[in-house]
Amino acid sequence: THCPLYVRSSVQVIPTPKYCESISRTRRRPTSTVEIGNVRVGSEHPMALQTMTTTDTRDVAATVEQVKRCADAGADMVRITVQGKKEAEACMAIREQLFKDRYDTPLVADIHFQPAVAMMVADAFEKIRINPGNFADGAKKFDEINYDDPAQFQAERENIRELFAPLVEKCKSLNRAIRIGTNHGSLSARILSFYGDTPRGMVESAFEFADICRDMDYHNFLFSMKASNPLIMVQAYRLLAEEMYAKGWKYPLHLGVTEAGEGEDGRMKSAIGIGALLMDGLGDTIRVSLTEDPEYEMDPCRRMATLGKMADSESWGIEDFEEHRDTHLFTRRVGYSPTKSDADAFDYSQIL
């Protein structure tokens, strides 16, 4: 039985590419395992919880104390921003002090614009997060580039390889993990010119870096497709998953809504984006990005991880149905107003 308010669209039926294990029930997407220090991430492991420090990374003592509070609150790993060489130098002291204090929580370096800094901090931290939008292109303003010849666009990938390959080689030798973390708000000028400000551009930007990893036989990496708009975030993750199904890739996913905010609004915004994907069976690590002290992110993070686990283990969902949506679009579904007889016939106990 289904509610007559939710009816099939009258538009042309379009075959739905596979982006999850089931469109009617929550079934966790099978993935490979990524090793991040002593934490294992992937479908064979519990969902990992993550947060990020807000201290000045150069203040070693303050950063260490904040990491410890996050770990005590349940964080499986903690991300730390590393803007330059001074911050990278502080990272070694942070890691050493945490080990002395018997905290082995994996640390994640957040890298923007600085390939050399990523190389430095890989000696200290268990995971490096790079942003494909600015790792190789730098902090330049957007200038429209006309790619009359697609070969020119492809040729420019060699610059990415030149800058990224040394980091891949180092992470491979040290058994460090990499997160290829695309951000909707910081796509490169090159990607924007070719794909526009789109989820497709987000996915293709990440794949440029993933292809380099795979060419070097390095597979200890995962993806993220973050955006501040939950609709864009969900669309990007689903498109990424769809492309990985088509390629036969099984890399894990880190979920998050960028700059969700604070209080109830921030929690609701994260729940919309992350929750929708968890019900799809997508996601292996989670961060709820709140403008509050990072340890407060752990409670909503844990709640969502628990719901995702329950949905998978209990196979939450509905009866199988034929999908009529174009899942690349977020247009409203076309329906009709139910008649009184429709309403009388519907068994409302099914949704109460």
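Residues numbered from 1 in each chain as written. Predicted model: local features only at pLDDT ≥ 70, side-chain atom pairs only at ≥ 80, totals over all residues. Heavy atoms only, no water.

All told, the structure shown has 11 aromatic pairs when counted by the stated rule. Relative to Tyr 251, the ring of Phe 223 has its centre 6.2 Å away and its plane inclined at 75°; by these criteria the two rings are edge-to-face. With Phe 223 in strand S8 (residues 221-226) and Tyr 251 in the loop between helix H8 (230-247) and strand S9 (254-255), this residue pair connects regions lying 28 residues apart in the sequence. Judged by relative accessible area, Phe 223 falls into the buried class, the value being 0%. Assessed through its relative accessible area of 4%, Tyr 251 is described here as buried. An aromatic cluster is defined as three or more aromatic residues linked by ring pairs; in this entry it consists of Phe 207, Tyr 218, Phe 221, Phe 223, Trp 249 and Tyr 251. The aromatic ring of Phe 99 is capped on one face by Arg 95, whose charged end is 4.0 Å from the ring centroid. (Phe/Tyr/Trp six-rings, centres within 6.5 Å; stacked < 30°, edge-to-face > 60°. Helix = DSSP H or I, 4+ residues; strand = E, 2+ residues; numbered from the N terminus. Buried < 20%, exposed > 50% of the residue type's maximum accessible area, 1.4 Å probe, protein only. Lys NZ or Arg CZ within 6 Å of the ring centre and 35° of its normal.)

In this structure, Met 304 sits in helix H10 (residues 298-313). Placed 29 residues apart in sequence, Met 304 and Gly 275 show a C-alpha to C-alpha distance of 6.8 Å. Ignoring anything within four residues of it in the chain, the contact list for Met 304 reads Ser 270, Ala 271, Ile 274, Gly 275, Leu 278, Ile 286 and Val 288. (Contact = heavy atoms within 4.5 Å.)

Take unusual backbone geometry next. Its identity as a non-glycine residue notwithstanding, Asp 217 has a phi of 55°, on the positive side. Tracing the backbone through its elements, the reader meets Asp 217 in the loop between helix H7 (199-215) and S8. Despite not being glycine, Ser 315 shows a phi value in the positive range, around 55°. The residue Ser 315 is located in the loop between H10 and helix H11 (340-345) in this model.

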